[in-house]
Amino acid sequence: MTTLEPLATVLLFSALASLTAVLGAVPQALRGTPSHAMIGWANALASGLMLGVAYTLLTEGLQNVLAAGGVGALLGIGFVRGTHSLTGTGELDLAELDKAGPEYGYKAILVDTLHAAHEGVAIGVAMAVSLPLGIAMALTLAIHNIPEAMVLNTLLTERGLRLPQSAALATAVNLNQVLLAVLSFAVIGLWPVLLPWVTGFTVGALVYLTLVELLPESYRQTGKTSIAVVTLVAMGVVVLLAGVAG
Amino acid sequence: MSGVWLVFLYALLTAIATGLGALPFAFVRTISGRFVAYAHAVAAGLMLGASFGLVSEGTDYGRGETLVGGLLGVVFILATQRFLGAQDEEKLVFEATRGEGARKMLLILIVMTVHSFSEGIAVGVSFGGGMTLAAVITIAIAIHNIPEGVAITAVLKPEGVSLPRCAAWSIFSSLPQPLMAVPAFLFVETFRAALPYGLGFAAGAMVFMVLVELLPEAYHQGKRAQVATLAAASAIGMVLFQQWL
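Here goes a summary of the coordinates provided. (Residues numbered from 1 in each chain as written. Chains lettered and ligands numbered in written order. Predicted model: local features only at pLDDT ≥ 70, side-chain atom pairs only at ≥ 80, totals over all residues. Heavy atoms only, no water.)

## Some points on the overall build of chain A
A count of helical and extended segments in chain A gives ten helices and zero strands. Mapped in sequence order, the helices and strands of chain A form the string α-α-α-α-α-α-α-α-α-α. What you see for chain A is a C-alpha radius of gyration of 17 Å, in line with the 18 Å of a compact globule of 246 residues. C-alpha atoms of chain A, sized along the principal axes, occupy 50 × 35 × 35 Å. Contacts in chain A between residues at least 24 apart in sequence constitute 83% of all its contacts with a sequence separation of at least 6. A total of about 9,500 Å² of accessible surface is found on chain A, and carbon and sulfur atoms cover 72% of it. In chain A, which carries 8 positive and 13 negative side-chain charges, the distance between the mean positions of the two groups comes to 8 Å. (Helix = DSSP H or I, 4+ residues; strand = E, 2+ residues; numbered from the N terminus. Rg over C-alpha atoms; globule rule 2.2 N^0.38 Å. Contact = heavy atoms within 4.5 Å. Areas by Shrake-Rupley, 256 points an atom, 1.4 Å probe, with all protein chains shown as cover. Lys, Arg positive; Asp, Glu negative; His and termini not counted. Charge placed at Lys NZ, Arg CZ, Asp CG, Glu CD.)

## A short note on the overall build of chain B
Counting its regular elements, chain B contains nine helices and two strands. Helices and strands in chain B line up, N terminus first, as α-α-α-β-β-α-α-α-α-α-α. In terms of overall dimensions, chain B is globule-like: its C-alpha atoms have a radius of gyration of 17 Å, near the 18 Å expected for 245 residues. Classification of the 245 residues of chain B by burial places 58% in the buried group. Taking all contacts inside chain B whose residues are at least 6 apart in sequence as the whole, residues at least 24 apart take part in 85%. With an accessible surface of roughly 9,800 Å², chain B has 69% of that area assigned to carbon and sulfur atoms. The centroid of the 13 positive side-chain charges in chain B is displaced by 8 Å from the centroid of its 14 negative side-chain charges. (Buried < 20%, exposed > 50% of the residue type's maximum accessible area, 1.4 Å probe, protein only.)

## Digging into the interface of chain A and chain B
Between chain A and chain B, the residue contacts involve 39 residues of the former and 31 residues of the latter. Of the roughly 3,200 Å² buried between chain A and chain B, counting both surfaces, carbon and sulfur atoms make up 74%. A per-residue breakdown of the area chain A buries against chain B is headed by Leu66(A), Leu211(A) and Leu232(A), which together make up 18% of the total. Counting across the interface, chain A meets chain B through one salt bridge. With a closest N to O distance of 3.8 Å, Glu217(A) and Arg224(B) form a salt bridge. Counting every contact that joins chain A to chain B gives six residue pairs in polar contact (both at pLDDT 80 or more). Listed by contribution, the elements that provide at least two residues to the side of chain A that touches chain B are helix 3 (36-61), helix 4 (66-86), helix 9 (195-221) and helix 10 (224-245) of chain A. (Buried area = accessible area lost by both parts, 1.4 Å probe. Salt bridge = Lys/Arg side-chain N within 4 Å of Asp/Glu carboxyl O. Polar contact = N/O pair within 3.5 Å; in protein donor to acceptor, adjacent residues only side chain to side chain.)

## A closer look at helix 2 (residues 33-61) of chain B
Counted at 1.5 Å a residue, the expected span for helix 2 of chain B with its 29 residues is 42 Å, and the 42 Å between its end C-alpha atoms agrees. Buried residues dominate helix 2 of chain B, accounting for 21 of its 29 residues. (Expected span 1.5 Å × (residues − 1).)

## Focus: the packing of helix 9 of chain A against helix 8 (residues 188-221) of chain B
Viewed as axis vectors pointing N to C, helix 9 of chain A and helix 8 of chain B meet at an angle of 105°, and their least axial separation amounts to 11 Å. Taken as axis vectors, helix 9 of chain A and helix 8 of chain B run roughly perpendicular relative to one another. Here Leu211(A), Leu215(A), Pro216(A) and Tyr219(A) of helix 9 of chain A lie close against helix 8 of chain B, whose contacting residues are Leu211(B), Val212(B), Leu215(B), Pro216(B) and Tyr219(B). When the residues that make up the contact of helix 9 of chain A with helix 8 of chain B are grouped by side-chain class, the tally is nine nonpolar, no polar and no charged. (Axes fitted to C-alpha atoms, helices over the stretch in contact; angles between N-to-C directions. Parallel < 35°, antiparallel > 145°, perpendicular 65-115°, else oblique. Nonpolar A, V, L, I, M, F, W, Y, C, P; charged D, E, K, R; others polar.)

## Some details on the pattern of salt bridges
Pairing of side chains with opposite charge becomes possible as their charged atoms draw close. Residue and element names in this part refer to chain B. Evaluated as defined, the whole model comprises five salt bridges over all chains. When the shortest N-O distance is used, the salt bridge between lysine 104 and glutamate 217 registers 3.7 Å. In this pair, lysine 104 is assigned in helix 4 (residues 99-128) and glutamate 217 in helix 8, connecting sequence segments 113 residues apart. Note on lysine 104: relative accessible area 6%, which makes it buried. Look at the salt bridges and you will find they share partners, linking Glu100, Arg103 and Glu213 into a network.

## Details of the packing of aromatic side chains
Across all of its chains, the model carries eight aromatic pairs over all chains by this definition. On the numbers, 5.2 Å between centres and 85° between planes, the contact of Tyr55(A) with Phe52(B) is edge-to-face. Of this pair, Tyr55(A) sits in helix 3 while Phe52(B) sits in helix 2, which puts the two residues in different chains. Across this residue pair, the class does not change: Tyr55(A) and Phe52(B) are buried. An angle of 85° between the planes, with centres 5.3 Å apart, marks the rings of Trp169(B) and Phe172(B) as edge-to-face. Of this pair, Trp169(B) and Phe172(B) both sit in helix 6 (residues 163-174), separated by three residues, roughly a single helical turn. According to the relative accessible area criterion, Trp169(B) is partly exposed, its value standing at 22%. Ring-pair connections join several aromatic residues into one group, and the members of that group are Phe94(B), Trp169(B) and Phe172(B). (Phe/Tyr/Trp six-rings, centres within 6.5 Å; stacked < 30°, edge-to-face > 60°.)

## What about the side chain of Thr56(A)?
With respect to the element layout, Thr56(A) can be found in helix 3. Polar contacts involving the side chain of Thr56(A) include one to the main-chain carbonyl oxygen of Gly52(A), which spans 2.8 Å.

What follows is the structure, given as structure tokens:
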């Protein structure tokens, strides 16, 4: 690891994080179209991992820079809200299996692309805080992207796409993660004073995304008790592991 | 005044501060479905943020212990839910409300009251380190308790509970703080060992309550973007606020 340039490390791990989305096709390839409950739990798993990531960034990255972090968080929430309403994806339900029309597929892909971009920034920020934290973040998001891709695959194959096509698409929407991870890491490297602002921004964006997309969708798919258990366990594991890494 | 009485008095003051959380609701005249949703979103955010703080404190004492405590907290809520769910709808009455509403109010009060036991221990243990910082710690915890009163009132008020009673129940939920602070102060070493389990327990119970009751209720009646904005901002605000204190 030490022989790698820092930027190359960010590149490598963010690439890993985005490419694991391919694995999202595995359950469907093996067992056929997932049930509603499976989709719900996949979203809940993704939610828990995301909240764990937010916890880690909040407690590791914003210890003495609360004002900048708070303003950054509000900007992050506002930014995601703004992009959703501009692109007309505000109240989009990503697991609407019965709704037809190409517009819905386009929006689903768009909303997942926007979502992935913020995860890229999260990797860049965590790498800037410390290398172990950055790697923990990339690995967590690598896992997070699997259930997320599984949901998108279900949605796209229900509309007639073949699984290899949808798996490629579900992976492609994550690729901007690499660009944004490297970019945000480089920008923070040039202007370290930006770190608390970007950290706050990312936390705001990730918590908002979890609450506006992942959790409400999972509640629609299956019982709230199982959703709560899956989310909480995923969150607990990340909190535990990130503490060890940070 | 001896140290024990001071600890009790300080912890009692922090408990009473919880009642201040009802005050913002004095300005609410009509209660619509939207209002209920957004009150639940704020309560969810505040409780999520508060549990982040509890976990962060608990892991300082012991990582695995906090996790075990958290799992026990979840089991506790599941058991309480099952117990309340098994009660006869007609017989389950709280503050003149029956059935589902009564169940939810009881659940949040149980969660918040139980979580105060751990907070009381945390207060006692931190006083055990010396009384020089006592006034600062007291003010910090008193202020920290106010959002908890907000969370409780946000659930009780929409069910028709009057404001003074919301304040009273908020204070009630914090009463274990002075009760636990004293023994924890006297037997610091013993209680320090139990602290990470207690903090984890409180955090697990609170996050589970958020995920299983408050957020679904908020999504049910409110717009997703509004719910997410309010809950995210309250959660992050709460974490930063606690770190600032």
